[in-house]
Amino acid sequence: MLFVINFFICFLLLQITAKLAKRSIKTYAHIISSAVGGAYSFIILLDTLNYFVLSVSRALSAAVIVLIAFGFKSLKSFAFTYLLFISSSFIVLGVICALAMLTKSEYISVHNSTVYIDISARGLVLSALFAYILSCVIVRLYNRALSKNEIYTLEIENEGKSVSLFAFCDTGNKLREPFSNYPVIVADSDKIRPLMTETKTRVIPASTVNSRSFLMSFKPDRVTVKTKNGQEEVENVYVALSDEVKTDGFCAVFNPEILSV
């Protein structure tokens, strides 16, 4: 039972982390990393460990969980995701402890600086669900605040070629590539077509209020978004070609969800 509870909590923590980091997790990696988190709970069965050993073991176990779930692309990306995972644990465990205090649950065990609370499976699910909803609300509020700036500079690179263009930040752009579920940047065909290669193209269905169409798209080697806080390299995103994104102010549209919180 101890393993199952911690497996569930770790599974949820990774979901929240992925939501905040705008990263995707493969199913098998999600399950394996959650199992590692569940297995770590058995530390309560060991003899009493000193604070230093406990701290190092927790830091290492969290690093292994994040590494299995999201992989390693760069030290900066890994460190950012790692910190989000730790932050997510504070959110979930804080909600669980708050619920335990409100329901006057009793502590059933304290060992190796780990507190285990007598809380029902229903209470655990509800508190975890509340924590997930809370994280979604935080992301939504952040995206709304971000979209107020509206215009950004995108640099799209593919096969040794690159193009720089102005892009409109629009929360209404919900377009996603159907197989990977990656978000899609819609850009002016004339600007982007030189970057396309036949081996990386995908057809994406797109719907508007009055019509339905299909857009040619590709997954670029690199997309960099320049913001007032600097610049950020965006992972796991497609770029679709459209003849309808042509204005004096911008020639691409993206959802702020592609940016990290």
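Residues numbered from 1 in each chain as written. Predicted model: local features only at pLDDT ≥ 70, side-chain atom pairs only at ≥ 80, totals over all residues. Heavy atoms only, no water.

Considering the pairing of strand 7 (residues 212–218)
Logical step 1: Pairing geometry for strand 6 (residues 201–207) and strand 7, over seven bridges, is antiparallel. Following the sheet pairing, Ala206 is matched in strand 7 by Ser213.
Logical step 2: With two bridges joining them, strand 7 and strand 10 (residues 238–242) adopt antiparallel strand pairing. Pairing of Ser217 across the sheet is with Ala240, part of strand 10. (Pairing = 2+ DSSP bridges. Helix = DSSP H or I, 4+ residues; strand = E, 2+ residues; numbered from the N terminus.)

Structural notes on the sheet that holds strand 7
Logical step 1: With mixed pairing, the nine strands of this open sheet are ordered in space as 6-7-10-5-11-4-3-8-9. Here the strands that pair on one side only, and so sit at the sheet edges, are strand 6 and strand 9 (230–234). Mean inter-strand twist for the sheet, computed between neighbouring axes without regard to direction, equals 35°. (Axes fitted to C-alpha atoms, helices over the stretch in contact; angles between N-to-C directions.)

Considering the packing of aromatic side chains
Logical step 1: Scanning the model with the defined rule gives six aromatic pairs in all.
Logical step 2: Note on Phe7 and Phe11: the rings are 6.3 Å apart at their centroids and 25° apart in plane angle, and the pair reads as stacked. Of the two residues, Phe7 and Phe11 both sit in helix 1 (residues 2–21), four residues apart, roughly one turn of that helix.
Logical step 3: On the basis of relative accessible area, Phe7 is assigned to the partly exposed category, the value being 23%.
Logical step 4: Given a relative accessible area of 31%, Phe11 falls into the partly exposed group.
Logical step 5: By way of ring pairs, the aromatic residues Phe72, Phe78 and Tyr82 are connected into one cluster. (Phe/Tyr/Trp six-rings, centres within 6.5 Å; stacked < 30°, edge-to-face > 60°. Buried < 20%, exposed > 50% of the residue type's maximum accessible area, 1.4 Å probe, protein only.)

Digging into the environment of Ile31
Logical step 1: Structurally, Ile31 can be placed in helix 2 (residues 27–40).
Logical step 2: Residues Ile31 and Phe7, spaced 24 residues apart in sequence, show a C-alpha to C-alpha distance of 8.6 Å.

Structural notes on the confidence of the model for the chain
Logical step 1: Across the chain, pLDDT averages 77, with 74% of residues at or above 70.
Logical step 2: For the chain, the element scoring lowest by mean pLDDT is strand 1 (residues 107–111), at 47; strand 5 (residues 184–188) scores highest, at 92.
Logical step 3: Below a pLDDT of 50 lies the segment residues 108–113, which in the model reaches 22 contacts outside its immediate sequence neighbourhood of four places, other chains included. (pLDDT = per-residue confidence, 0-100. Contact = heavy atoms within 4.5 Å.)

Here we look at a nonpolar patch on the surface
Logical step 1: Residues Tyr28, Ile32, Val64 and Ile68 make up a contiguous nonpolar surface patch of about 350 Å² in total accessible area.
Logical step 2: Those elements that place two or more of their residues in the nonpolar patch are helix 2 and helix 3 (51–70).
Logical step 3: Take Val64: it is sitting in helix 3. (Patch = residues over 30% accessible without salt bridge, like charges linked within 9 Å, V, L, I, M, F, W, Y side chains within 5 Å. Areas by Shrake-Rupley, 256 points an atom, 1.4 Å probe, with all protein chains shown as cover. Salt bridge = Lys/Arg side-chain N within 4 Å of Asp/Glu carboxyl O.)

Observations concerning the pattern of salt bridges
Logical step 1: The tally for this structure, following the rule as stated, stands at four salt bridges.
Logical step 2: Among the salt bridges present, the one from Glu177 reaches Arg202, with a minimum N-O distance of 3.0 Å. Note that Glu177 is positioned in the loop between strand 4 (161–169) and strand 5 and Arg202 in strand 6, a separation of 25 residues in sequence.
Logical step 3: Residues Arg222 and Glu233 are paired through a salt bridge, measuring 3.4 Å at the closest nitrogen-oxygen approach.

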